[in-house]
Amino acid sequence: MRTPHLLGRAQPIASRGRRTRLVSRGLIGVVALATAVSTQGTATAAPAPTTSVTQPDFGPNVKIFDPSMPLADIQSAVNAVAAEQVDNEMGTQRYALLFKPGTYGTAANPLVFQVGYYTEVAGLGQNPADVTINGEVNVYNRCLTPDNCTALDNFWRSISNLTINARGNSGCRTNTEFWAVSQAAPMRRVSINGGTTFMDYCTAGPQYSSGGFVADSKITNSAVNGSQQQFYVRNSQIGGWSNAVWNQIFSGTIGAPAQSFPTPPYTTLATTPTSKEKPYLYVDAAGNWNVFVSSAQTDSSGTTWLNGQTPGQSIPLSEFFLATPADSVQSINNALSRGLNLIVTPGVYDIASTIDVKRANTIVLGLGLPTFTPTNGNIALSVADVPGVDLAGFTVDAGPVNSPVLVQIGSKNGNNGAAHNSTANPTAVQDVFFRIGGPHVGKADVSLEVNSDNVILDDIWAWRADHGVPGSVGWTVNTGATGVVVNGDNVTAPGLFVEHYQQYEVLWNGQNGKVVFFQNEMPYDAPNQVAWQHDGVNGYAALKVADNVQTFEAWGLGSYIYTNVDPTLHAENAFEVPVAPGVALHDLLTISLNGAGTTDHVINGVGAAVTPTHQGPSTVVSYP
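Residues numbered from 1 in each chain as written. Predicted model: local features only at pLDDT ≥ 70, side-chain atom pairs only at ≥ 80, totals over all residues. Heavy atoms only, no water.

Digging into the environment of Ser-314
Along the chain, Ser-314 turns up in strand β23 (residues 312-316). Ser-314 gets classed as partly exposed once you look at its relative accessible area, which sits at 29%. The sequence separation of Ser-314 and Tyr-232 amounts to 82 residues, and the corresponding C-alpha distance is 28 Å. (Helix = DSSP H or I, 4+ residues; strand = E, 2+ residues; numbered from the N terminus. Buried < 20%, exposed > 50% of the residue type's maximum accessible area, 1.4 Å probe, protein only.)

Take a look at the structure:
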């Protein structure tokens, strides 16, 4: 949760109902298998197919809409999901709302609906223009009390691969797309014509928001940033941007504001160093279902689709196993070992052993933000020392028994630096979100460990919960040392959000790393300075680059301190890096929130302190 500047915290949100799993029935054991390995793959060939998958069963929590359906029926269905999910922050329900190619709604009769927690909205065309919604797909503030309406906790939802012609609604919201979100709420491959705002300015105050992430999108009008404390727009095209608050970052975005940090705090890169767009489902002209896998890009700008087809390749759905929470880990691993990719249908997956991805070029794609929860102190998902794997669109919750790592990419003793880890075929992680505590007690030493080289981390939120169901949050309850550990070389992170961990939030050991946009809050709940210090140093840096690293570069980094349990706590530095010719950081800031906590320096003893009485921001434009 984001603490509003100068205001107190919102109250914890209780879970909706018991923590029971929703079983979404997929094709278990009868998925048609491919005649040969996908053109993505170079490893084990799959058995020959038996049928063509044209009518996949993703289960009852995947709602598939067709333009021939009565609009009233579609409106009723999406409204029912919204009513269940808008306040269901710690619940177990998961949904995907998928729209087949065509047009939905008209100017006179628009389709307008809200998107709640754990809800994915996506078009099923090959390009955003194939699905058009005349209407609005909105996220509004949540009013926890009549005078406390914010978007600070609007997490875990997504929208992608469609066009919105903003129509409908009334009054303050007329003809405007509202996407008032914070972390873990990406917008990808969306084209918006009409008003667009990332702040909900139509409710009671304070209307704060703390996002956000937009990629591969086109926003025709100038977007309203409003109260968004930080925001990252990557490889997009925009008609303008209204304002900045603390840390607004643009890379490879046509129409972005000019570089001006810290006044106003815009960080603008002409290109994105390395990126790879998230895989997506689509239905082709023959009615066949496929997954499109985009190619990686270097030094790129603009969308992948405005000037032609997105570079990449299609994989037929017959080469995927549709997993449900009813499937055992053994069943999932057996399917992966047979050469199948994996689609994870909506639900919560309690798993007592590790899902092992051993084959190069395997795709693991979640629908409706499904959740993996390790229950036996195990790693939830591991990737072998192979290239080209894509992990996308799911969450991982720590379980009640401490896990050493939640997701591990490559082994610590693997083939780092070998030819098969070349930049031409990188592993990518997109829209994967981690939680330590919140819906239940959770414990994990590290949330994400990256040992392979050339990995792309595109929109990662690792969150040690600061609020949740009663009994799930506390310094000795939801324990997590570090959010992200990077041991591989040439790892790029466009969009890295890591919050509230108890030691270094991010520990970067690999050479030639790059980070574009970093957002952090230090832990709220350290009981005293003795509990939060090391080697005679008060606190821990939010981002620690190891002393032996010779090359590293980052742009647009913000770290905020709010130690409400003990407001006297200090962190000596927000960022610690080695002093080396190849290490450079640009546009950094620190802030002390709500009169609690002090960060003595921005980076390596440089930068003024932020304190309960001098809240900042304190900025450093370039280091060294």
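Let's talk about the confidence of the model for the protein
Looking at the protein, pLDDT values average 91 and 90% of them are 70 or higher. Here residues 1-52 scores under 50 on pLDDT; set against residues more than four positions off or in separate chains, the count is 176 contacts. (pLDDT = per-residue confidence, 0-100. Contact = heavy atoms within 4.5 Å.)

Digging into the packing of aromatic side chains
Tallied over the entire structure, the rule returns 32 aromatic pairs. Look at Phe-155 and Trp-156: their rings are 5.0 Å apart centre to centre, the planes differ by 75°, and that puts the pair in the edge-to-face class. Comparing Phe-155 with Trp-156, the two get one shared label, buried. One residue, Arg-94, lies across the ring of Tyr-118, its end atom 3.8 Å from the ring centre. A cation over an aromatic ring shows up here: Arg-435 above the ring of Trp-156, its NZ or CZ 4.5 Å from the ring centre. (Phe/Tyr/Trp six-rings, centres within 6.5 Å; stacked < 30°, edge-to-face > 60°. Lys NZ or Arg CZ within 6 Å of the ring centre and 35° of its normal.)

Quick word on the state of the cysteines
Two cysteines form a disulfide when their sulfur atoms are joined by a covalent bond. In this structure the tally under the stated criterion is 2 disulfides. Here Cys-143 is linked by a disulfide to Cys-149, with a sulfur-sulfur distance of 2.0 Å. Since a negative S-S torsion denotes a left-handed disulfide, the Cys-143-Cys-149 link at about 110° is right-handed. We classify Cys-149 as buried; its relative accessible area is 1%. Bridging Cys-172 to Cys-202, the disulfide has an S-S length of 2.1 Å. Here Cys-172 and Cys-202 share a disulfide; its torsion about the S-S bond, -80°, makes the bridge left-handed. You can see Cys-172 sitting in the loop between β9 (157-166) and β10 (176-178) and its partner Cys-202 sitting in the loop between β12 (195-197) and β13 (213-215), a full 30 residues away along the chain. (Disulfide = S-S within 2.5 Å.)

Describing the pattern of salt bridges
Side-chain pairs of opposite charge can arise where the charged atoms are in close proximity. With the rule as written, the count across this model stands at 15 salt bridges. Of the charged contacts in the structure, one is a salt bridge between Asp-431 and Arg-188, with a shortest N-O distance of 2.8 Å. Within this pair, whereas Asp-431 is found in strand β33 (residues 428-436), its partner Arg-188 is found in strand β11 (residues 187-193), the two being separated by 243 residues in sequence. Across the pair, Arg-188 and Asp-431 agree in class, each one buried. For Asp-458, the salt bridge identified is with Arg-188, shortest N-O distance 2.6 Å. Taken together, the residues span a long stretch of sequence, with Asp-458 in strand β35 (residues 456-464) and Arg-188 in strand β11 at a distance of 270 residues. (Salt bridge = Lys/Arg side-chain N within 4 Å of Asp/Glu carboxyl O.)

Describing the pairing of strand β44 (residues 570-576)
Taken across its 7 residues, β44 has 5 buried, putting it largely inside the fold. As judged from the 2 bridges shared by strand β42 (residues 543-545) and β44, these two strands associate in the parallel manner. Considered in β44, the bridge of Lys-544 is made with Glu-576. As defined by bridge partners, β44 adjoins strand β46 (residues 598-603) across 4 bridges and the pair is classed as parallel. Paired with His-570 across the strands is Thr-598, a residue of β46. (Pairing = 2+ DSSP bridges.)

Topic: the sheet that holds β23
In a beta sheet, neighbouring strands pair by backbone hydrogen bonds and run either parallel or antiparallel. With respect to topology, 3 strands assemble into an open sheet ordered β20-β21-β23, the strand pairing being antiparallel. In this open sheet, the two edge strands, each paired with only one partner strand, are β20 (280-283) and β23. If you compare each strand with its neighbour and ignore which way they point, the axes differ by 35° on average. Direction of pairing for strand β21 (residues 289-294) relative to β23: antiparallel, over a ladder of 5 bridges. Note on β23: the bridge partner recorded for Val-293 is Gln-313. (Axes fitted to C-alpha atoms, helices over the stretch in contact; angles between N-to-C directions.)

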